[in-house]
Amino acid sequence: MKVGIIGQGYVGLTIAAFAAEYFEIVGFDSNEKVVQQLNQGISHIEGIDSSVLSSRIKSGMYKATSYGEDLGKSDVIIIAVPTPLSKDRQPDLSFIDLACKTIGQSLSKPALIINESTSFPGTLRKFIKPAIEKYSASPINHLYAISPERVDPGRTDFNQKNTPRLFSGLTTEASVRTREFYSRFCDNLVEVSSPEVAEAAKLFENTFRQVNIALVNEFAQIAHSLGISVYETLDAANTKPYGFMKFTPSAGVGGHCIPVDPTYLAVVAEEHGAPATFIRRANEVNLDMSKYIVNRIAADNGGSLKGKSVLVVGVAYKPNVADVRETAAELVIEHLRSQGAAVSWHDDVVGNWKGESSVLLQGADIAVVVTKHDSVEEKKILASAPYVFDTTGKVKGAKGL
Ligand SMILES: NC(=O)c1ccc[n+]([C@@H]2O[C@H](COP(=O)([O-])OP(=O)(O)OC[C@H]3O[C@@H](n4cnc5c(N)ncnc54)[C@H](O)[C@@H]3O)[C@@H](O)[C@H]2O)c1
């Protein structure tokens, strides 16, 4: 079976590396530099070892390409392209549209087309299928299905094999073929009654996290105002063996999913006249966390940050990855600079970001820990400035939430 995967980023390459043990994979990406690197056996994604990629290439089970015609013989096509928000914070399906164009223009025989990109309910039925039909030179009876991806980059305990996978086809035949395909490398397949349920479930999973993170971020502010430790209180609440799940406070949410997916749900809810109050408010609380933290730091430092050298420690959106998409560090830096601080940052996992480079972990007036990678030693953080504010709860001896 030949499988084409459109988009070779976190999702597409992860699935390619797993599935190449069983199927012949063509990884299609519009970024030629990425394609070139991949064909040299160099992985750009945490969790995908270059050695695994190289062995898949050597065995003839994987190749990357930027040419649509290389997808022409595919029996299965997976769509794994970005689904960001536009400048006015609306769902942006332009990458999906381009992927549909590639499929429409490259495939001349029927295939099973599975969307793994996250989007709102109705995307497969009302957007992807019509778009592929529009771009195809002649009518082809493709099968269509959705199977939202749940990968958590950098995580080792859950992977493609042991993470339950939701799926649903637009037709019974599409569902049957989708089950057959994934069952080769995934142990637990969960079929739902319609693609819309699968699409909505994925959005709700991430909305659940977003709302609970906002709640604990708000609670961190309440605990501080009451003069009690938020961490001790959460640990105490977490001794209840049922009905409680512990989330921890932070400088805000980041990455491709939690700050973005809930807005997809809110927009579609509001279009249908349903409220999305929690989702909208949770987004505001999480975004405001950076301002709250900077104000706390200013208050601890004589009320002003003017002229102070401030070192932000960790700018990736989460530990041990180089991903800076939607990172809370961006807003923290923005607020620090707007209060007159001279800001630099240390993050050797990220290295370069927005035209700036990681600096040494030393010599600042103030250090703010936004993300704590395992490779960064606590004692070095504590020695980097006379005042250290930790937003992660991992640096003992620092000031914090
Ligand atoms: N990263 C995650 O942890 C994660 C988890 C679950 C779901 N998702 C969802 O999966 C989808 C993909 O996310 P990602 O993190 O893999 O994105 P990514 O940015 O890491 O990778 C996307 C890749 O697609 C390529 N691309 C963009 N448009 C293309 C096109 N028209 N044709 C071919 N290639 C194209 C880009 O060059 C890039 O290499 C999104 O909908 C995201 O919300 C992501």
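Just above sits the structure.
Residues numbered from 1 in each chain as written. Predicted model: local features only at pLDDT ≥ 70, side-chain atom pairs only at ≥ 80, totals over all residues. Heavy atoms only, no water.

Moving on, we get to the overall build of the chain. Each helix and strand counted, the chain has 12 helices and 15 strands in total. Its C-alpha atoms give the chain a radius of gyration of 23 Å, near enough to 21 Å, the size a compact globule of 401 residues would have. Structurally, the chain occupies a C-alpha span of about 70 × 50 × 40 Å along its principal axes. In the chain, buried positions account for 49% of the 401 residues. Here the analysis covers contacts within the chain between residues at least 6 apart in sequence; of these, 68% occur between residues at least 24 apart. (Helix = DSSP H or I, 4+ residues; strand = E, 2+ residues; numbered from the N terminus. Rg over C-alpha atoms; globule rule 2.2 N^0.38 Å. Buried < 20%, exposed > 50% of the residue type's maximum accessible area, 1.4 Å probe, protein only. Contact = heavy atoms within 4.5 Å.)

This part covers the sheet that holds strand S8 (residues 189–191). If you walk across this open sheet you meet the eight strands as S3-S2-S1-S4-S5-S6-S7-S8, and the pairing is mixed. Among the strands making up the open sheet, the edge pair consists of strand S3 (62–65) and S8. For this sheet, the mean angle separating the axes of adjacent strands, direction not counted, is 25 degrees. Bridging between strand S4 (residues 76–79) and strand S5 (residues 112–115) involves four bridges; their strand directions are parallel. (Pairing = 2+ DSSP bridges. Axes fitted to C-alpha atoms, helices over the stretch in contact; angles between N-to-C directions.)

One can describe the packing of helix H7 (residues 195–226) onto helix H9 (residues 261–271) by two numbers: an axis separation of 8 Å at closest approach and a directional angle of 115 degrees. Comparing the axis directions of H7 and H9 gives the class roughly perpendicular. Regarding H7 and H9, the two cross each other, and that crossing is left-handed. Between H7 and H9, the residues in contact are Lys202, Leu203, Phe204, Asn206, Thr207 and Gln210 and Asp261, Pro262, Tyr264 and Leu265, respectively. The residue makeup of the contact of H7 with H9, split by class, is five nonpolar, three polar and two charged. (Parallel < 35°, antiparallel > 145°, perpendicular 65-115°, else oblique. Left-handed = near helix turned anticlockwise from the far one by under 90°. Nonpolar A, V, L, I, M, F, W, Y, C, P; charged D, E, K, R; others polar.)

Scanning all chains against the criterion turns up 10 aromatic pairs. Following the ring pairs from residue to residue traces out a cluster consisting of Tyr22, Phe23, Phe181, Tyr182 and Phe185. (Phe/Tyr/Trp six-rings, centres within 6.5 Å; stacked < 30°, edge-to-face > 60°.)

Once that is clear, we can look at the site of the ligand. Taken together, 26 residues are adjacent to the ligand, and Tyr10, Val11, Asp29, Thr83 and Thr118 come closest. Backbone polar atom of Val81 to an oxygen atom of the ligand: 3.4 Å apart, as the coordinates give it. For the shell around the ligand, the secondary-structure elements that each account for two or more residues are helix H1 (10–19) and helix H4 (94–106). Top contributing element to the shell around the ligand by residue count: H4, with three residues. Of the residues assigned to the shell around the ligand, the class counts are 13 nonpolar, nine polar and four charged. (Near = heavy atom within 4 Å. Polar contact = N/O pair within 3.5 Å; in protein donor to acceptor, adjacent residues only side chain to side chain.)

For the rest of this paragraph, the subject is the sheet that holds strand S14 (residues 387–390). Read from one edge of the open sheet, five strands run S10-S9-S13-S14-S15, paired in parallel fashion. Two strands in the sheet have a free side with no partner beyond their single neighbour: strand S10 (342–346) and strand S15 (399–400). This element, helix H10 (residues 277–300), spans strand S13 (366–369), S14 and S15 of the sheet and lies at about 155 degrees to S14. Helix H11 (residues 328–338) contacts strand S9 (309–313), S10 and S13 of the sheet and is inclined by roughly 155 degrees relative to S10.

Counting 32 residues, the largest nonpolar core has Val3, Ile25, Tyr62, Ile78, Ile114, Phe181 and Tyr182 as the members making the most contacts within it. Among the elements of the structure, strand S1 (2–6), H1, helix H2 (32–39), S3, S4, S5, strand S6 (143–146) and helix H6 (172–182) are those that each provide at least two residues to this core. Discounting chain neighbours no more than four positions away, the residues touching Val3 are Phe23, Glu24, Ile25, Val26, Ser74, Val76, Ile78 and Phe181. One finds Leu305, Leu336, Ala341 and Val350 within the second-largest nonpolar core, a separate group that totals 28 residues. (Core = buried A, V, L, I, M, F, W, Y, C linked by side-chain atoms within 4.5 Å.)

Looking now at the environment of Val190. Looking at the element boundaries, Val190 is found in strand S8. Taking relative accessible area as the criterion, Val190 reaches 31% and is therefore assigned partly exposed. Between the C-alpha atom of Val190 and that of Ser168, which follows or precedes it by 22 residues, the distance is 8.6 Å. Not counting chain neighbours up to four residues away, the residues in contact with Val190 comprise Pro164, Arg165, Leu166 and Phe167.

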